[in-house]
Each structure stands twice: as structure tokens, then as C-alpha cells.
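Observations on chain architecture
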Amino acid sequence: MTIFKEIVDEEFLTVSETKELLADIEAERALDEDRELPYELARAVEHVNRFTVLEPEEAQDLVDQLQEVEKVDEPTAYKIANLLPRNRDELRSVYAQQRYSLSGDELDEILNVVAQYA
């Protein structure tokens, strides 16, 4: 017998947006003295605090600009916005599992967009 869980909703988030959501959850739990912060939640908060570079509005603007580039789909745009690659090798690692590779000009076009925010 297998128990399946159903995906009800799926939404891509940048690290900045995640930081805001986790800050709200953390503040809510801080109000209740009896509720401790679970280990996983504490680690997630620590992670987003360490790796958040952009403000949520900037990160969303970056995602929107990246989606305007021809070979950047929504999931890839969010990965790039979260990682903020600085060179071609770092950007190629984002596309490592894709069935196609990007030319140097396409990589440079994406890196130019990222450079405006990083």
C-alpha cells in the first residue's frame, strides 16, 4: 500500500521572497512562548539570512527581465536570480541538465542582465 501526497499548489520564489515569508513565521512563533522554532525552520531561516542579496522587489524585477531572454524559462529565471552567477561557468552549471547548451552570446546576454542587479 502506497500513500500518495497531492501537490495542491506550486509557486516559484526567490530567496528574498522566502526570507520575508520565513520572517513572518518566525515572528508569529516568537509571540507564543510555548512554541519553539523547529530545527528545520531554524536552518531555513539561517540559510536565507546568509544567502539573500537582493531585496524582494529587485529579485522579482530580475526574474521578469530574465524571462524576456529567449532561452530562459520561469524555473531557470528563478534559479539564476537565486544564484546570481557572475561568469559563464557558473551560468553553464544552471543549464547543465538542459537538453541544449547556450552559445557564448546567449550566456553573455543573461550575464549582462544579472550584472545590473548583482
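What you are looking at is a predicted structure, and each value in this text was computed from that prediction instead of being measured.

1. Examining the pattern of salt bridges
Opposite charge on two side chains makes pairing possible when the charged atoms of those side chains draw close. Under the definition given, this model contains four salt bridges. Arg88 is paired through a salt bridge with Asp108; the nearest N and O atoms lie 2.6 Å apart. In this pair, Arg88 sits in helix α5 (residues 88–94) while Asp108 sits in helix α6 (residues 104–115), placing the two residues 20 residues apart along the sequence. Here Asp108 falls in the partly exposed class, since its relative accessible area comes to 29%. Members of the salt-bridge network, linked through shared partners, are Arg43, Glu46 and Arg50.

2. Brief notes about the domain arrangement of the protein
Entries for the protein in the domain assignment read domain 1 (15–51) and domain 2 (56–115). Counting from both sides, the interface comprises four residues of domain 1 and, opposite them, five residues of domain 2. A combined buried area of about 400 Å² lies between domain 1 and domain 2, and 50% of that area is made up of carbon and sulfur atoms. By the criterion of area lost to domain 2, the three top residues of domain 1 are Val15, Ser16 and Glu17, representing 81% of everything that side buries.

3. Regarding the environment of Glu70
By secondary structure assignment, the location of Glu70 is in the loop between α3 (56–68) and α4 (74–83). Glu70 gets classed as exposed once you look at its relative accessible area, which sits at 72%. Considered as a pair, Glu70 and Ile110 are 40 residues apart in the sequence and their alpha carbons are 9.7 Å apart.

Rules used throughout
- Residues numbered from 1 in each chain as written.
- Predicted model: local features only at pLDDT ≥ 70, side-chain atom pairs only at ≥ 80, totals over all residues.
- Heavy atoms only, no water.
- Salt bridge = Lys/Arg side-chain N within 4 Å of Asp/Glu carboxyl O.
- Helix = DSSP H or I, 4+ residues; strand = E, 2+ residues; numbered from the N terminus.
- Buried < 20%, exposed > 50% of the residue type's maximum accessible area, 1.4 Å probe, protein only.
- Domains from an automatic or database assignment.
- Contact = heavy atoms within 4.5 Å.
- Buried area = accessible area lost by both parts, 1.4 Å probe.

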